[in-house]
Amino acid sequence: MWDSSVFLSTLTPKFYVALTGTSSLISGLILIFEWWYFRKYGTSFIEQVSINHISPWISGNDNGTESLAPSNSSSSSSGSSNNTTTATTQNMPECKVWRNPLNLFRGAEYQRFYWATQKEPLTFYDMNLSAQDHQTFFTCEGDAGKAEYEIMQTAWRERNPVVRIKAAKNALEINPDCAPAYILLAEEEATTIVEAEKILRTALKVAESNYKKSQTFQHQGAIAEGIHRRDTNVLIYIKRRLAMCARKLGKLKEAVKMFRDLTKEIPPIMNVLNIHENLLEALLEMQAYADCQAVLAKYDDISLPKSATICYTAALLKARVVAEKFSPDIASKRGLSPAEMSAVEAIHRAVEFNPHVPKYLLEMKQLILPPEHILKRGDSEALAYAFFHLNHWKNVEGALNLLHCTWEGTFRMLPYPLERGHLFYPYPTCTECADRELLPSFHEVSVYPKKELPFFILFTAGLCSITALLALLTHQYPESMGIFASTTLNWFSLPFHFVKERIESVWPCNLLQQLSRI
């Protein structure tokens, strides 16, 4: 038999250095790729290949044709959302990106943040979605040949805010009745809410005049109908932003009246703006809890899309009834009363819909300015909700204490949130990728459920470290490492030598030679 010791004795230390160095390099490259793939897609590349391609091939099943990279299936604002239902057998809906109903003003709020911190509060992806929305809402086929509206069509797509503002002013010079130009100036040029409100009041007069003109001719063809629809969108958008200005300036009764009037409108744009969430927030600021309950009775319906605002406002109103006198010690001894049980169940329902919110409400995670678009059930929606509603929870004595004591109990009911839900669809897997696109890089995106490092990343990290260490030791101490390598290989080869001796003792000595000849 061939003796391994003869082969080992011919190997020089340079061979061991080259071997361990090459192994360290290869495992290091694998580690870097695996870590990058995990950070981007939240899963291991090797595991994906094994599950989707190798396993079906071995088992003879050809269905392993899924994409290796989990897709970021976020789309525009005009999508449906997750409905409340028992969702153990339903297919999970794709992630939809929605306009933030409470989005801030760029010039008066986002820009002031940038001046103070030198950090960009909005991502290019978020602003690009806004540009697409503005083009959809404020342009139409009837704008062809009208210089002021053609200028505005390109203005929404400009990346530089200075160029956008200049384009809007040029459009107003051509036509002082170009309402979309006023909207852009109010959103981006005004540096205070008071200035934005002043520009929007001018825009309202222009928009109402344009609306009345187009209303007269709306039935004279498809182009006239498109112009009227555009003028309707502009008018509703301006009224909504004026109501938001009133809310920010403390004119709550005026804001609530304007929001109530807007919720009675029925144009398609209303499905995107979700103005009832603005109304709920203003009513909570007024502490008009009975009115809030009436709004929830209309919108917290099983057939309507849900949101963090709907679910957590319902939980807050139920918590308000019992939170002041709630004590976890007393509740653990006597049990929960029906009212307390109802409040806890409402909190569990809200946490199941969006598990990222409690850490912001309990100030366990730092708030930043919310984006202009949100992903329902994602970190972006949680940020937007907590940014505007944290004070409402603080205004209800004991509400945050009740939330602190009960919110983590939700996860005991949902051991596998990505596979099955309790009251909602299983938690979507695409939220992390979409939130990373929507939220600025300086924010640490909240991930649910918390992902552990895949085995292959840990394995390649250990392999890379060990082989690099062996290469270094072999280079520094070649003789000692050569002896150590020979001893180790001989030690590992002992079982094989033992098995070989046992086989030779049982079989005839020349049997192996005869078999090799055959």
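Residues numbered from 1 in each chain as written. Predicted model: local features only at pLDDT ≥ 70, side-chain atom pairs only at ≥ 80, totals over all residues. Heavy atoms only, no water.

**Quick word on the overall build of the protein chain**
Step number 1: When helices and strands are counted, the protein chain shows 25 helices and 2 strands.
Step number 2: Residues counted as buried form 47% of the 518 residues belonging to the protein chain.
Step number 3: Once local pairs closer than 6 in sequence are excluded, the contacts in the protein chain between residues at least 24 apart make up 70%.
Step number 4: Taken as a whole, the protein chain presents about 27,500 Å² of accessible surface, with 58% of it coming from carbon and sulfur. (Helix = DSSP H or I, 4+ residues; strand = E, 2+ residues; numbered from the N terminus. Buried < 20%, exposed > 50% of the residue type's maximum accessible area, 1.4 Å probe, protein only. Contact = heavy atoms within 4.5 Å. Areas by Shrake-Rupley, 256 points an atom, 1.4 Å probe, with all protein chains shown as cover.)

**Brief notes about the pattern of salt bridges**
Step number 1: For the structure shown, the criterion picks out 20 salt bridges.
Step number 2: Notably, a salt bridge pairs Glu 372 with Arg 106, separated by 2.8 Å at the nearest N-O pair. With Glu 372 in the loop between helix H18 (357-361) and strand E2 (373-375) and Arg 106 in helix H4 (residues 106-117), this pair connects stretches of sequence that are 266 residues apart.
Step number 3: Assessed through its relative accessible area of 4%, Glu 372 is described here as buried.
Step number 4: The class for Arg 106 is buried, based on a relative accessible area of 12%.
Step number 5: In this structure, Glu 281 engages Arg 247 in a salt bridge whose closest nitrogen and oxygen atoms are separated by 2.8 Å. Taken together, the positions of Glu 281 in helix H13 (residues 275-286) and Arg 247 in helix H10 (residues 222-248) put the pair 34 residues apart, joining distant regions of the chain. (Salt bridge = Lys/Arg side-chain N within 4 Å of Asp/Glu carboxyl O.)

**Side note on the nonpolar core**
Step number 1: In terms of nonpolar packing, the biggest core is built from 98 residues, with Met 152, Ile 238, Phe 259, Tyr 312, Leu 361, Trp 393 and Leu 403 touching the most fellow members.
Step number 2: Sequence-distant contacts of Leu 403, that is, excluding residues within four places in its chain, are made with Ile 347, Pro 358, Leu 361, Leu 362 and Trp 393. (Core = buried A, V, L, I, M, F, W, Y, C linked by side-chain atoms within 4.5 Å.)

**Points about unusual backbone geometry**
Peptide bonds are mostly trans, and most non-glycine residues show a negative phi.
Step number 1: Phi at Gln 287 takes a positive value of approximately 60 degrees, unusual for a residue other than glycine.
Step number 2: Relative to the helices and strands, Gln 287 is located in the loop between H13 and helix H14 (289-299).
Step number 3: Given the relative accessible area of 43%, Gln 287 is considered partly exposed.
Step number 4: Although it is not a glycine, Arg 377 adopts a positive phi angle of roughly 75 degrees.
Step number 5: Secondary-structure assignment places Arg 377 in the loop between E2 and helix H19 (379-395).

**Some thoughts on the confidence of the model for the protein chain**
If pLDDT is low for a region, its predicted coordinates should not be looked at in detail.
Step number 1: When pLDDT is averaged across the protein chain, the result is 81; 79% of the residues are at 70 or more.
Step number 2: Taken as a whole, residues 62-93 scores under 50 in pLDDT and shows 84 contacts with residues more than four places along the chain or in a different chain. (pLDDT = per-residue confidence, 0-100.)

**What to know about the packing of H10 against H13**
Step number 1: Here H10 crosses H13 at 15 degrees, and the two axes come no closer than 11 Å. In terms of orientation, H10 lies roughly parallel with respect to H13. The two elements H10 and H13 cross, and the hand of that crossing is left-handed. Here Arg 240, Met 244 and Arg 247 of H10 lie close against H13, whose contacting residues are Ile 275, Asn 278, Glu 281, Ala 282 and Glu 285.
Step number 2: The class makeup of the residues in the contact of H10 with H13 is 3 nonpolar, 1 polar and 4 charged. (Axes fitted to C-alpha atoms, helices over the stretch in contact; angles between N-to-C directions. Parallel < 35°, antiparallel > 145°, perpendicular 65-115°, else oblique. Left-handed = near helix turned anticlockwise from the far one by under 90°. Nonpolar A, V, L, I, M, F, W, Y, C, P; charged D, E, K, R; others polar.)

**Quick look at the side chain of Asn 175**
Step number 1: With respect to the helices, strands and loops of the structure, Asn 175 is situated in the loop between helix H7 (161-174) and helix H8 (179-189).
Step number 2: Engagement of the side chain of Asn 175 in a polar contact is seen with the side chain of Glu 148, the distance being 3.0 Å.
Step number 3: There is a polar contact of 3.0 Å between the side chain of Asn 175 and the backbone nitrogen of Asp 177. (Polar contact = N/O pair within 3.5 Å; in protein donor to acceptor, adjacent residues only side chain to side chain.)

**Notes on the side chain of Asn 274**
Step number 1: The residue Asn 274 is located in the loop between helix H12 (270-273) and H13 in this model.
Step number 2: Residue classification places Asn 274 among the buried positions, given a relative accessible area of 10%.
Step number 3: Each residue touching Asn 274, except ones within four places of it in the same chain, is listed here: Trp 98 and Pro 101.

**Comments concerning the packing of H8 against H10**
Step number 1: Interaxial distance between H8 and H10 falls to 10 Å at its minimum, and their mutual angle equals 25 degrees. Judged on the interaxial angle alone, H10 and H8 are roughly parallel. Here H8 and H10 pass one another in a crossing that is left-handed. For the pair H8 and H10, the contacting residues are Ala 179, Pro 180, Ile 183 and Glu 187 in the first and Val 234, Tyr 237, Ile 238 and Arg 241 in the second.
Step number 2: Broken down by class, the residue content of the contact of H8 with H10 amounts to 6 nonpolar, no polar and 2 charged.

**Focus: the environment of Pro 371**
Step number 1: On the secondary structure map, Pro 371 appears in the loop between H18 and E2.
Step number 2: A relative accessible area of 2% places Pro 371 in the buried class.
Step number 3: Separated by 67 residues in sequence, Pro 371 and Leu 438 place their C-alpha atoms 6.7 Å apart.
Step number 4: Excluding its chain neighbours within four sequence positions, the residues that come into contact with Pro 371 are Asn 100, Tyr 110, Leu 122, Asp 126, Ser 380, Leu 438 and Leu 439.

**Observations concerning the packing of aromatic side chains**
Step number 1: One pass over the structure, following the stated rule, counts 7 aromatic pairs.
Step number 2: With a centroid separation of 5.2 Å and an interplanar angle of 65 degrees, the aromatic rings of Phe 353 and Phe 424 are classed as edge-to-face. Separated by 71 residues along the polypeptide, Phe 353 in helix H17 (residues 338-353) and Phe 424 in the loop between helix H21 (410-413) and helix H22 (431-438) bring together distant segments of the chain. With respect to burial, Phe 353 and Phe 424 carry one shared label: buried.
Step number 3: Judged by centre distance (5.0 Å) and plane angle (75 degrees), the rings of Phe 387 and Phe 388 are edge-to-face.
Step number 4: A connected cluster of aromatic rings, assembled from ring pairs, spans Phe 137, Phe 138, Trp 156 and Tyr 237. (Phe/Tyr/Trp six-rings, centres within 6.5 Å; stacked < 30°, edge-to-face > 60°.)

**What about helix H9 (residues 193-217)?**
Step number 1: Taking 1.5 Å of rise per residue, the 25 residues of H9 would be expected to cover 36 Å, and the 35 Å separating its terminal C-alpha atoms lies within 8% of that figure.
Step number 2: Against H4, helix H6 (147-155), H8 and H10 lie the buried residues of H9. (Expected span 1.5 Å × (residues − 1).)

**Remarks on H22**
Spacing of three or four residues puts side chains on the same side of an α-helix, whose turn is 3.6 residues.
Step number 1: Among the 8 residues in H22, 6 count as buried, and that is most of the element.
Step number 2: Three or more residues of H22 are buried, namely Thr 431, Glu 432, Cys 433, Ala 434, Asp 435 and Leu 438.

**Remarks on a nonpolar patch on the surface**
Step number 1: On the surface, Leu 25, Leu 29 and Ile 32 cluster together into a nonpolar patch covering about 330 Å² of accessible area.
Step number 2: Locating Ile 32 in the fold gives a position in helix H2 (residues 13-41).
Step number 3: By relative accessible area, Ile 32 is classed as exposed at 58%. (Patch = residues over 30% accessible without salt bridge, like charges linked within 9 Å, V, L, I, M, F, W, Y side chains within 5 Å.)

**Some details on the environment of Phe 137**
Step number 1: Looking at the element boundaries, Phe 137 is found in helix H5 (residues 124-138).
Step number 2: When its relative accessible area of 8% is taken as the criterion, Phe 137 is described as buried.
Step number 3: Separated by 100 residues in sequence, Phe 137 and Tyr 237 have C-alpha atoms that sit 9.0 Å apart.
Step number 4: Sequence-distant contacts of Phe 137, defined by excluding residues within four places in its chain, comprise Arg 99, Arg 230, Asn 233, Ile 269 and Val 272.

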